[in-house]
Amino acid sequence: MKRIGLFFGTFNPIHIGHLVLANHMVEFSDLDEVWFVITPQSPFKTNQSLLDNHHRYQMVYEAVEDYPKLKPSKIEFDLPQPNYTVNTLTHLYEQYGDSHEFALIMGEDNLKGFHKWKNYEVILENHTIYVYPRISDGKAVAELMKHPKIHRIDAPIMEISSSFIRKEHGLGKNVRPLLPDRVWKYMDEMNFYR
(Lines give C-alpha, C1' and ligand atoms only; values in the text may rest on other atoms or scores of the structure.)
Protein backbone atom coordinates (compact mmCIF):
# COMPACT_ATOMS: atom_id res chain seq x y z
CA MET A 1 0.00 0.00 0.00
CA LYS A 2 1.50 3.30 -1.12
CA ARG A 3 1.05 6.22 1.29
CA ILE A 4 0.35 9.45 -0.57
CA GLY A 5 0.31 12.90 0.98
CA LEU A 6 -2.02 15.31 -0.80
CA PHE A 7 -0.82 18.90 -0.87
CA PHE A 8 -3.70 21.07 -2.12
CA GLY A 9 -3.27 24.57 -3.50
CA THR A 10 -3.69 26.92 -6.43
CA PHE A 11 0.13 26.95 -6.89
CA ASN A 12 -0.14 30.31 -8.61
CA PRO A 13 2.84 29.99 -8.99
CA ILE A 14 4.47 27.05 -7.22
CA HIS A 15 7.58 28.29 -5.38
CA ILE A 16 10.54 26.90 -3.47
CA GLY A 17 8.61 27.06 -0.18
CA HIS A 18 6.11 24.53 -1.57
CA LEU A 19 8.96 22.29 -2.74
CA VAL A 20 10.86 22.47 0.55
CA LEU A 21 7.70 21.52 2.49
CA ALA A 22 6.66 18.69 0.17
CA ASN A 23 10.17 17.27 0.12
CA HIS A 24 10.39 17.51 3.92
CA MET A 25 7.07 15.65 4.25
CA VAL A 26 8.15 12.83 1.96
CA GLU A 27 11.62 12.46 3.49
CA PHE A 28 10.77 12.86 7.19
CA SER A 29 7.41 11.13 7.58
CA ASP A 30 5.99 7.77 6.56
CA LEU A 31 4.71 9.13 3.22
CA ASP A 32 5.97 7.47 0.02
CA GLU A 33 4.97 10.33 -2.29
CA VAL A 34 3.48 13.81 -2.18
CA TRP A 35 1.00 14.79 -4.87
CA PHE A 36 0.46 18.50 -5.58
CA VAL A 37 -3.31 18.70 -6.12
CA ILE A 38 -3.85 21.83 -8.18
CA THR A 39 -7.11 23.54 -7.32
CA PRO A 40 -8.97 24.43 -10.50
CA GLN A 41 -10.19 27.90 -11.30
CA SER A 42 -13.71 28.12 -9.95
CA PRO A 43 -16.27 28.91 -12.64
CA PHE A 44 -18.06 30.95 -9.96
CA LYS A 45 -15.14 33.25 -9.26
CA THR A 46 -13.30 35.40 -11.72
CA ASN A 47 -9.88 35.88 -10.28
CA GLN A 48 -7.79 37.87 -12.71
CA SER A 49 -4.48 36.83 -11.18
CA LEU A 50 -5.24 33.09 -11.23
CA LEU A 51 -3.62 31.53 -14.28
CA ASP A 52 -5.43 28.90 -16.33
CA ASN A 53 -5.38 25.38 -14.93
CA HIS A 54 -3.06 24.01 -17.61
CA HIS A 55 -0.43 26.72 -17.00
CA ARG A 56 -0.40 26.10 -13.25
CA TYR A 57 -0.24 22.35 -13.87
CA GLN A 58 2.69 22.87 -16.25
CA MET A 59 4.58 24.93 -13.65
CA VAL A 60 4.07 22.24 -10.99
CA TYR A 61 5.17 19.62 -13.52
CA GLU A 62 8.33 21.64 -14.27
CA ALA A 63 9.02 22.14 -10.55
CA VAL A 64 8.83 18.45 -9.56
CA GLU A 65 10.28 16.79 -12.64
CA ASP A 66 13.60 16.04 -10.89
CA TYR A 67 11.94 14.74 -7.70
CA PRO A 68 10.64 11.19 -8.21
CA LYS A 69 8.64 11.23 -4.96
CA LEU A 70 6.77 14.45 -5.87
CA LYS A 71 3.99 14.43 -8.50
CA PRO A 72 1.62 16.95 -10.06
CA SER A 73 -2.08 16.03 -9.96
CA LYS A 74 -4.94 17.46 -11.99
CA ILE A 75 -7.51 15.18 -10.35
CA GLU A 76 -9.73 18.14 -9.39
CA PHE A 77 -9.85 19.59 -12.92
CA ASP A 78 -12.53 17.10 -13.98
CA LEU A 79 -14.68 17.20 -10.86
CA PRO A 80 -17.90 19.23 -10.78
CA GLN A 81 -17.50 22.71 -9.26
CA PRO A 82 -17.67 23.91 -6.59
CA ASN A 83 -15.70 20.94 -5.33
CA TYR A 84 -14.96 19.90 -1.77
CA THR A 85 -11.94 17.97 -0.48
CA VAL A 86 -14.18 15.15 0.72
CA ASN A 87 -15.34 14.61 -2.92
CA THR A 88 -11.76 14.61 -4.18
CA LEU A 89 -10.84 11.94 -1.63
CA THR A 90 -13.82 9.78 -2.67
CA HIS A 91 -12.79 10.15 -6.30
CA LEU A 92 -9.17 9.19 -5.53
CA TYR A 93 -10.28 6.07 -3.65
CA GLU A 94 -12.48 5.03 -6.57
CA GLN A 95 -9.42 5.28 -8.82
CA TYR A 96 -6.57 4.09 -6.59
CA GLY A 97 -8.18 2.60 -3.47
CA ASP A 98 -6.71 -0.87 -3.90
CA SER A 99 -3.11 0.27 -3.97
CA HIS A 100 -2.98 3.72 -2.34
CA GLU A 101 -3.76 5.27 1.01
CA PHE A 102 -4.25 9.05 1.10
CA ALA A 103 -3.34 11.58 3.78
CA LEU A 104 -3.76 15.37 3.78
CA ILE A 105 -1.00 17.91 4.20
CA MET A 106 -2.02 21.29 5.53
CA GLY A 107 -0.58 24.33 7.23
CA GLU A 108 -1.40 25.07 10.85
CA ASP A 109 -3.35 28.12 9.61
CA ASN A 110 -5.71 25.85 7.61
CA LEU A 111 -6.22 23.51 10.55
CA LYS A 112 -7.83 26.42 12.43
CA GLY A 113 -10.74 26.44 9.99
CA PHE A 114 -10.82 22.69 9.37
CA HIS A 115 -13.91 22.17 11.57
CA LYS A 116 -15.82 24.32 9.02
CA TRP A 117 -14.96 22.04 6.07
CA LYS A 118 -17.71 19.99 4.47
CA ASN A 119 -17.84 16.56 6.19
CA TYR A 120 -14.61 17.26 8.08
CA GLU A 121 -15.48 14.46 10.56
CA VAL A 122 -15.58 11.94 7.70
CA ILE A 123 -12.19 13.16 6.46
CA LEU A 124 -10.70 12.83 9.96
CA GLU A 125 -12.19 9.40 10.48
CA ASN A 126 -10.61 8.02 7.31
CA HIS A 127 -7.44 10.04 6.77
CA THR A 128 -4.34 11.10 8.58
CA ILE A 129 -3.56 14.81 8.46
CA TYR A 130 0.02 16.05 8.49
CA VAL A 131 0.26 19.61 9.75
CA TYR A 132 3.24 21.85 9.07
CA PRO A 133 3.95 25.00 11.10
CA ARG A 134 2.88 28.44 9.87
CA ILE A 135 3.19 31.81 11.54
CA SER A 136 -0.40 32.96 11.95
CA ASP A 137 -2.87 34.35 14.46
CA GLY A 138 -5.34 32.37 16.52
CA LYS A 139 -5.30 28.77 17.65
CA ALA A 140 -6.58 25.55 16.13
CA VAL A 141 -9.50 23.90 17.93
CA ALA A 142 -7.91 22.15 20.93
CA GLU A 143 -9.60 18.77 20.23
CA LEU A 144 -8.11 18.80 16.74
CA MET A 145 -4.58 19.36 18.02
CA LYS A 146 -4.92 16.30 20.28
CA HIS A 147 -6.66 14.13 17.67
CA PRO A 148 -4.79 10.83 17.03
CA LYS A 149 -5.12 11.26 13.24
CA ILE A 150 -3.44 14.68 13.28
CA HIS A 151 0.35 14.64 13.18
CA ARG A 152 2.41 17.78 13.55
CA ILE A 153 5.51 17.65 11.39
CA ASP A 154 8.42 19.77 12.45
CA ALA A 155 9.00 21.16 8.97
CA PRO A 156 10.86 24.40 8.25
CA ILE A 157 8.64 27.49 8.45
CA MET A 158 8.42 28.90 4.94
CA GLU A 159 7.20 32.48 4.85
CA ILE A 160 7.09 32.79 1.06
CA SER A 161 3.76 33.34 -0.64
CA SER A 162 2.61 33.12 -4.22
CA SER A 163 0.73 36.41 -3.83
CA PHE A 164 3.96 38.16 -2.75
CA ILE A 165 5.76 36.69 -5.80
CA ARG A 166 2.98 37.83 -8.18
CA LYS A 167 2.85 41.31 -6.69
CA GLU A 168 6.60 41.95 -6.63
CA HIS A 169 7.14 40.39 -10.06
CA GLY A 170 4.45 42.70 -11.39
CA LEU A 171 6.37 45.63 -9.90
CA GLY A 172 9.52 44.54 -11.75
CA LYS A 173 11.35 43.07 -8.73
CA ASN A 174 13.60 40.05 -9.17
CA VAL A 175 11.74 37.09 -7.65
CA ARG A 176 13.78 34.46 -9.45
CA PRO A 177 15.48 33.00 -6.29
CA LEU A 178 12.02 32.19 -4.87
CA LEU A 179 11.12 29.89 -7.77
CA PRO A 180 12.44 26.59 -9.07
CA ASP A 181 14.54 27.37 -12.13
CA ARG A 182 12.24 25.78 -14.71
CA VAL A 183 9.21 27.51 -13.18
CA TRP A 184 10.99 30.85 -13.47
CA LYS A 185 11.82 30.15 -17.13
CA TYR A 186 8.24 29.15 -17.95
CA MET A 187 6.78 32.13 -16.09
CA ASP A 188 9.22 34.52 -17.76
CA GLU A 189 8.72 33.11 -21.29
CA MET A 190 4.94 33.24 -20.90
CA ASN A 191 5.17 36.75 -19.43
CA PHE A 192 2.94 35.84 -16.45
CA TYR A 193 2.01 38.19 -13.59
CA ARG A 194 3.52 41.25 -15.29
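Figured I'd write up the structure that's included with this text. (Residues numbered from 1 in each chain as written. Predicted model: local features only at pLDDT ≥ 70, side-chain atom pairs only at ≥ 80, totals over all residues. Heavy atoms only, no water.)

The number of helices and strands found in the chain is 8 helices and 6 strands. Its helices and strands in sequence order give the chain the pattern β-α-β-α-β-α-β-α-α-β-α-β-α-α, from N to C terminus. Whereas a compact globule of 194 residues would reach a radius of gyration of roughly 16 Å, the chain reaches 17 Å, a difference of no more than 12%. Projected onto the principal axes, the alpha-carbon positions of the chain cover approximately 45 × 35 × 35 Å. Relative to its 194 residues, the chain shows a buried fraction of 46%. Taking as baseline every contact in the chain between residues at least 6 positions apart, the subset at least 24 positions apart corresponds to 68%. Each charge class in the chain was averaged separately, 22 positive and 25 negative side chains, and the resulting centres sit 5 Å apart. (Helix = DSSP H or I, 4+ residues; strand = E, 2+ residues; numbered from the N terminus. Rg over C-alpha atoms; globule rule 2.2 N^0.38 Å. Buried < 20%, exposed > 50% of the residue type's maximum accessible area, 1.4 Å probe, protein only. Contact = heavy atoms within 4.5 Å. Lys, Arg positive; Asp, Glu negative; His and termini not counted. Charge placed at Lys NZ, Arg CZ, Asp CG, Glu CD.)

Now for helix α8 (residues 181–190). Among all positions of α8, only Val-183, Trp-184, Tyr-186 and Met-187 are buried. On an axial view of α8, the arc spanned by its buried residues comes to 165°, and they lie on one face. Buried residues along α8 sit against α2 (53–64) and α7 (162–170). Backbone geometry just after α8 places Asn-191 at a positive phi near 60°. (Arc of directions from axis to C-beta.)

Our focus in this paragraph is the pattern of salt bridges. Applying the stated criterion across every chain, the model contains 12 salt bridges. The partner of Asp-30 in a salt bridge is Arg-3, and the shortest N-O contact between them spans 3.4 Å. Of this pair, Asp-30 sits in the loop between α1 (16–27) and β2 (33–38) while Arg-3 sits in strand β1 (residues 2–9), and the two are 27 residues apart along the sequence. (Salt bridge = Lys/Arg side-chain N within 4 Å of Asp/Glu carboxyl O.)

What follows is about the packing of α2 against α8. The N-to-C vectors of α2 and α8 enclose an angle of 150°; their axes lie 8 Å apart at closest approach. Of the possible angle classes, the one that applies to α2 and α8 is roughly antiparallel. Facing α2, whose interface residues are His-55, Gln-58, Met-59, Glu-62 and Ala-63, α8 presents Arg-182, Val-183, Tyr-186, Met-187 and Met-190. Its residues assigned to classes, the contact of α2 with α8 shows 6 nonpolar, 2 polar and 2 charged. (Axes fitted to C-alpha atoms, helices over the stretch in contact; angles between N-to-C directions. Parallel < 35°, antiparallel > 145°, perpendicular 65-115°, else oblique. Nonpolar A, V, L, I, M, F, W, Y, C, P; charged D, E, K, R; others polar.)

What follows is about the environment of Arg-166. Mapped onto the secondary structure, Arg-166 falls in helix α7. Counting along the chain gives 27 residues from Arg-166 to Tyr-193, while the straight-line C-alpha distance between them is 5.5 Å. Ignoring anything within four residues of it in the chain, the contact list for Arg-166 reads Asn-12, Pro-13, Ser-49 and Tyr-193. Reaching out from Arg-166, the side chain makes a polar contact with the backbone oxygen of Asn-12 at a distance of 2.6 Å. (Polar contact = N/O pair within 3.5 Å; in protein donor to acceptor, adjacent residues only side chain to side chain.)

Among the 6 residues that make up β2, 6 are buried, leaving the element largely enclosed by the rest of the structure. Every second residue of β2 is oriented toward a common face, with Glu-33, Trp-35 and Val-37 on one face and Val-34, Phe-36 and Ile-38 on the other, all of them buried. With 6 bridges joining them, β1 and β2 adopt parallel strand pairing. Within β2, the position partnered with Gly-9 by the bridge is Ile-38. Regarding the hand of the β-α-β motif, the stretch spanning β1, α1 and β2 is right-handed. (Pairing = 2+ DSSP bridges. Right-handed = clockwise from strand over helix to strand, strands pointing away.)

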